[in-house]
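Coordinate analysis (summary)
Chain residues, written in single-letter form:
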Amino acid sequence: MAKKVIGLLTGGGDVPGLNPCMKSVVMSALENDYRVIGIRRGWAGLLHYNLDEHSTHDYYVKDLSLHDVHRIDRTGGTFLHTSRTNPQRVKPQDVPDFLKNSAYGKAIDDKGTMDYTDYIMKVLSHLGIDILVTIGGDDTLSYSVRLHKEGFPVVAIPKTMDNDVFGTDYCIGFSTAITRSVDFITNMRTSVGSHERIGVVELFGRNAGETSLIAGYLAYVDRVLIPEVPFNMERLAGYIMEDKRNNPSNYAILTISEGAIMEAGSIIESGEEDAYGHRKLGGIGEVVAEEIKRLTGQGIMYQQLGYLMRSGAPDSLDRMVAMSFGHLAIQLIQRNDFGKLTALHGGKYTTVPVEMVLSGKKVVDVKSFYDISTYKPFIKDFLGVPMFLS
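Now for a quick tour of the structure. Computed from a predicted model, the values in this text were never measured in an experiment.

This paragraph deals with the overall build of the chain. The secondary structure content of the chain amounts to 12 helices and 17 strands. Across its three principal axes, the chain shows a C-alpha extent of roughly 75 × 45 × 35 Å. Every one of the 390 residues in the chain was classed for burial, and the buried ones make up 54%. Put simply, of all contacts in the chain between residues at least 6 apart along the chain, 71% involve residues at least 24 apart.

Further remarks concern the state of the cysteines. Taken as a whole and judged by the stated rule, the model has zero disulfides. The cysteine Cys 21 is free of any disulfide, with Cys 171 supplying the nearest cysteine sulfur at 12 Å.

Buried residues dominate strand β7 (residues 154–158), accounting for five of its five residues. Neither face of β7 is left uncovered, since the one carrying Val 154, Ala 156 and Pro 158 and the one carrying Val 155 and Ile 157 both have all their residues buried. Once you follow strand β6 (residues 131–136) into helix α6 (residues 138–149) and on to β7, the crossover reads as right-handed. With two bridges joining them, β7 and strand β14 (residues 340–345) adopt parallel strand pairing. By the bridge assignment for β14, Ala 156 is matched with Leu 341.

What follows deals with the pattern of salt bridges. Applying the stated criterion to the full structure yields 14 salt bridges. In this structure, the salt-bridge partner of Asp 33 is Lys 3, at a minimum N-O distance of 3.4 Å. Separated by 30 residues along the polypeptide, Asp 33 in the loop between α1 (18–31) and β2 (35–39) and Lys 3 in the segment before β1 (5–10) bring together distant segments of the chain. Residue Asp 33 is classed as partly exposed on the basis of its relative accessible area of 48%. Using a relative accessible area of 46% as the deciding quantity, one classes Lys 3 as partly exposed. Among the salt bridges present, the one from Glu 291 reaches Arg 294, with a minimum N-O distance of 2.9 Å. In this pair, Glu 291 and Arg 294 both sit in helix α10 (residues 284–296), three residues apart, roughly one turn of the helix. Arg 294 sits in the exposed class, given a relative accessible area of 55%.

Counted under the stated rule, the structure contains one cavity of 30 Å³ or more. Approximately 40 Å³ is the volume attributed to the largest cavity. Lining the largest cavity are Glu 210, Leu 213, Lys 362, Val 363, Val 364, Asp 365, Leu 389 and Ser 390. In terms of residue class, the lining of the largest cavity is built from four nonpolar, one polar and three charged.

Here we come to the nonpolar core. Leu 8, Ile 157, Phe 231, Ile 256, Ile 292 and Tyr 370 are the most contacted members of the largest nonpolar core, which totals 81 residues. Considering each element in turn, this core owes the most residues, eight residues, to helix α11 (residues 316–334). If we skip the residues at most four places from it in the chain, Phe 231 touches Leu 225, Leu 236, Ile 256, Ala 260, Ile 261, Met 262, Glu 263, Val 288 and Tyr 375. Leu 9, Tyr 49, Tyr 60 and Val 95 belong to the second largest nonpolar core, which has 26 residues in total.

On to the packing of aromatic side chains. By the definition in use, this model includes eight aromatic pairs. Relative to Tyr 119, the ring of Tyr 104 has its centre 5.0 Å away and its plane inclined at 65°; by these criteria the two rings are edge-to-face. Of the two residues, Tyr 104 sits in the loop between α4 (66–69) and β4 (106–107) while Tyr 119 sits in helix α5 (residues 117–127), which places them 15 residues apart along the sequence. The class of Tyr 104 is partly exposed, set by a relative accessible area of 26%. On the basis of an interplanar angle of 80° and a centroid distance of 5.3 Å, the ring pair of Phe 204 and Tyr 307 is categorised as edge-to-face.

What follows is about α6. With 12 residues, α6 should cover 16 Å at 1.5 Å per step; its first-to-last C-alpha distance of 16 Å lies within 8% of that length. Of all 12 residues in α6, 10 are buried, a share of seventy percent or more. When α6 is considered as a whole, its buried residues turn out to be Asp 138, Asp 139, Thr 140, Leu 141, Ser 142, Tyr 143, Ser 144, Val 145, Arg 146 and Leu 147. Those residues of α6 hidden inside the fold are in contact with α2 (43–47), β5 (114–115), α5, β6, β7 and β14. Where α6 ends, the next residue or the one after it, Gly 151, has phi of about 100°, a positive value.

Another point: the sheet that holds β6. Taken in spatial order, the seven strands of this open sheet run β3-β2-β1-β6-β7-β14-β15, and their pairing is mixed. Looking at which strands have only one partner, the edges of the open sheet turn out to be β3 (61–63) and β15 (348–353). Strand-to-strand twist across the sheet, computed as the mean angle between neighbouring axes with direction ignored, equals 25°.

Definitions and cut-offs
Residues numbered from 1 in each chain as written. Predicted model: local features only at pLDDT ≥ 70, side-chain atom pairs only at ≥ 80, totals over all residues. Heavy atoms only, no water. Helix = DSSP H or I, 4+ residues; strand = E, 2+ residues; numbered from the N terminus. Buried < 20%, exposed > 50% of the residue type's maximum accessible area, 1.4 Å probe, protein only. Contact = heavy atoms within 4.5 Å. Disulfide = S-S within 2.5 Å. Right-handed = clockwise from strand over helix to strand, strands pointing away. Pairing = 2+ DSSP bridges. Salt bridge = Lys/Arg side-chain N within 4 Å of Asp/Glu carboxyl O. 1 Å grid on protein atoms, 1.4 Å probe; cavity = no way out; pocket = protein on both sides within 12 Å on 5 of 7 lines; lining within 4 Å. Points joined across faces, edges and corners; volume = space filled by probe spheres on them. Nonpolar A, V, L, I, M, F, W, Y, C, P; charged D, E, K, R; others polar. Core = buried A, V, L, I, M, F, W, Y, C linked by side-chain atoms within 4.5 Å. Phe/Tyr/Trp six-rings, centres within 6.5 Å; stacked < 30°, edge-to-face > 60°. Expected span 1.5 Å × (residues − 1). Axes fitted to C-alpha atoms, helices over the stretch in contact; angles between N-to-C directions.

And the structure:
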């Protein structure tokens, strides 16, 4: 009897922990007599796979052996590479040439945006893939939900440094991003303190402020700004000057999420929307730095950490969760328990229906963990609080 075939892909932003997760998937699958096919560039690998051009097979898909994954856990990122492609929402300029004017696409708006799910299903059938294991954030996993609804067996694994996939307490990549951020903030104190300035550190975090909240909390910064609470610029400037005066070294430092907004302001975005409707965030930290300088007359040091937060090898916690999620995914497949998202609830491994990633937005519990008047982390009662304050 032919072995069942598992397809494996990663999508969206890279995070530390993806490679250890994939290694555990492959090793566990091979030990249980499955065949594993790696798909390069996430959903783009299936969309750009040309059934009539064999070179695309060699480029986008690869049978994975123990040799292929032997060393991948020692580095960050994803050895299968990634993309932000959304096959159910492909802009005209992103349609592969061989699919233009084909019968596979369905127009979903008057701008020429196409849904190529029928083609994705045909490619999966052509490759003989029986089950997909998809590792991604809520955007990537939203298409896993679509395939599940189409009847294709899917097991999903949550990853995002923002820790904002709905349905799980923890996502691969979060711990390492916080660790990196705390280290950078701590090191930055050397320069900020030496020059007696105000430091502004901008962190990734689109709609959820958990990276800014937790990194700021652990690094003992003076103020923390998050997307969930619009801030008053004049009040912030007053607070940060007070912090500076109260510091024996005469400096102050704050963190700010890239998605934070001023009162009566708007989110700072640039560029065109991606396949999931997102424009590039970033720059609010620079705006705040300039405003603090204007209001206080103080020297400012602005640092946008950006991709450094999710670069490099994973820490021990991300390795633990990534490997456990990978093994759990194969155990679900062995039980024919599809349409599930691996998850952590209350510190224990579990699963939830994959549709849950679309059922809400995971944001900071402001009432429990944040003082909206002083812009500081504030935990009213630690009894029963989740480890990551999420």
